[in-house]
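# Structural features, examined
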Amino acid sequence: MPTSMPDIAHSADALQEGKLDWVGMGNIELPLLLSSKGINDTPVTAKADAFVSLDREDAKGIHMSRLFLALDTLSCEQTLTPGAIRSVLDSFITSHEGLSHSAKVTFHFELPLRRASLLSGKQGWKNYPVSITASLTDGRFSLELAVDVTYSSTCPCSAALARQLIQNAFEQKFAGQSLDHASVHAWLGTTEGILATPHSQRSVTNIKVKLDENCQAFDILGLVNLVEDELKTPVQAAVKREDEQEFARLNGQNLMFCEDAARKLKALFEAENYQDYYIKINHYESLHAHDAVAYAVKGLKDGYRA
Ligand SMILES: Nc1nc2c(ncn2[C@@H]2O[C@H](COP(=O)(O)OP(=O)(O)OP(=O)(O)O)[C@@H](O)[C@H]2O)c(=O)[nH]1
């Protein structure tokens, strides 16, 4: 490198002095090989946000290329594991000696997972938006994992109202008659018999969990399975008619308001070992043009806030 090149970060004065909480880069394109329990190492196309604190008040700026190149080493020579992320943060700080005490990085990507159908034995891919965020502050490592899980929620109120209409229709059709099994059975199979259906909505829960700082391996599949098994009506991948019928049954047997979904997941995460959790429930209503939303957190002092 020619010695005459100006190096602003080293030589220029700051226009105004002061510390900054985070300085760095957002949306860095970064192919990575993800390592997570229960699945093969998976190539993902991540977007990374990389930051260090700027603690030296008179420094002009940080050295962005050093952050970028540390991430490039992660991309080209390592797999994405808790240990590798910690090494990246270590190198952010050692490459900013005298400037920064803290570093943080976030990776956003979609993780394709094989999902089994409900009954037919088929399989298909489903993508899950995942974020991994890690920080290192005065030697303290913090690691969190966020995933969005999409599911179907059927409105319990709408279901009750539909049942009432079905009962009324039954009353009108069969009042005063001695019931004939075959004709009731046939009537139940008509649109006039089941004349109202409750509305369902595609719903998304945004889950964030704080992992142990000594965590050796991610378990994204485990987290997704935990949430989907609890909600019972995850959006499906491969669907044959028998799967669709089972999905209808599961929806009918797991009616939920956003409060129900939030309480179910809160109880679930209370029983798990995560250091902290954050749950946001979004029911993208089909009755309304607005959404039904609920939040729940563990409630730790200095923990996640709803
Ligand atoms: N600090 C800082 N750098 C920026 C910004 N926008 C672009 N850059 C550029 O990021 C590039 C890399 O900066 P450095 O890491 O200091 O590059 P360098 O001086 O070649 O690398 P070192 O020799 O390791 O310091 C420079 O060309 C900056 O102009 C910004 O807002 N702040």
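Residues numbered from 1 in each chain as written. Predicted model: local features only at pLDDT ≥ 70, side-chain atom pairs only at ≥ 80, totals over all residues. Heavy atoms only, no water.

The name given to the chain in an unreviewed UniProt entry is GTP cyclohydrolase FolE2, with Pseudoalteromonas rubra as the source organism. According to the UniProt record, the Catalytic activity (unreviewed entry) comment for the chain reads "GTP + H2O = 7,8-dihydroneopterin 3'-triphosphate + formate + H(+)". Word for word, the UniProt comment on the chain under Sequence similarities (unreviewed entry) is "Belongs to the GTP cyclohydrolase IV family." (UniProt positions renumbered as here; feature names shortened; annotations may be inferred.)

All right, on to the state of the cysteines then. By definition, a disulfide links two cysteine residues through a covalent bond between their sulfur atoms. Applying the stated criterion to the full structure yields zero disulfides. A disulfide-free cysteine, cysteine 258 has its sulfur positioned 10 Å from the sulfur of cysteine 155, the nearest such atom. Residue cysteine 258 is classed as buried on the basis of its relative accessible area of 8%. (Disulfide = S-S within 2.5 Å. Buried < 20%, exposed > 50% of the residue type's maximum accessible area, 1.4 Å probe, protein only.)

Here we come to the pattern of salt bridges. Counted according to the given criterion, the structure contains five salt bridges. Between aspartate 58 and arginine 56 there is a salt bridge, with the nearest N and O atoms lying 2.8 Å from each other. Among the ionic contacts, a cluster of salt bridges with common partners joins Arg115, Lys126 and Glu228. (Salt bridge = Lys/Arg side-chain N within 4 Å of Asp/Glu carboxyl O.)

Pairing within the open sheet is antiparallel, and its eight strands lie in the order β1-β2-β3-β4-β5-β6-β7-β8. Across the chains shown, the open sheet's two edge strands, defined by having one partner strand only, are β1 (20–34) and β8 (292–297). Each strand axis lies, on average, 15° off the axis of its neighbour in the sheet, ignoring direction. In this structure, strand β2 (residues 42–54) lies alongside strand β3 (residues 102–116), joined through six bridges in antiparallel fashion. Bridge pairing in β3 places phenylalanine 51 opposite lysine 104. Packing against the sheet, helix α3 (residues 82–94) makes contact with β2, β3, β4 (123–137) and β5 (140–154), and its axis sits at approximately 160° to β3. (Pairing = 2+ DSSP bridges. Helix = DSSP H or I, 4+ residues; strand = E, 2+ residues; numbered from the N terminus. Axes fitted to C-alpha atoms, helices over the stretch in contact; angles between N-to-C directions. Contact = heavy atoms within 4.5 Å.)

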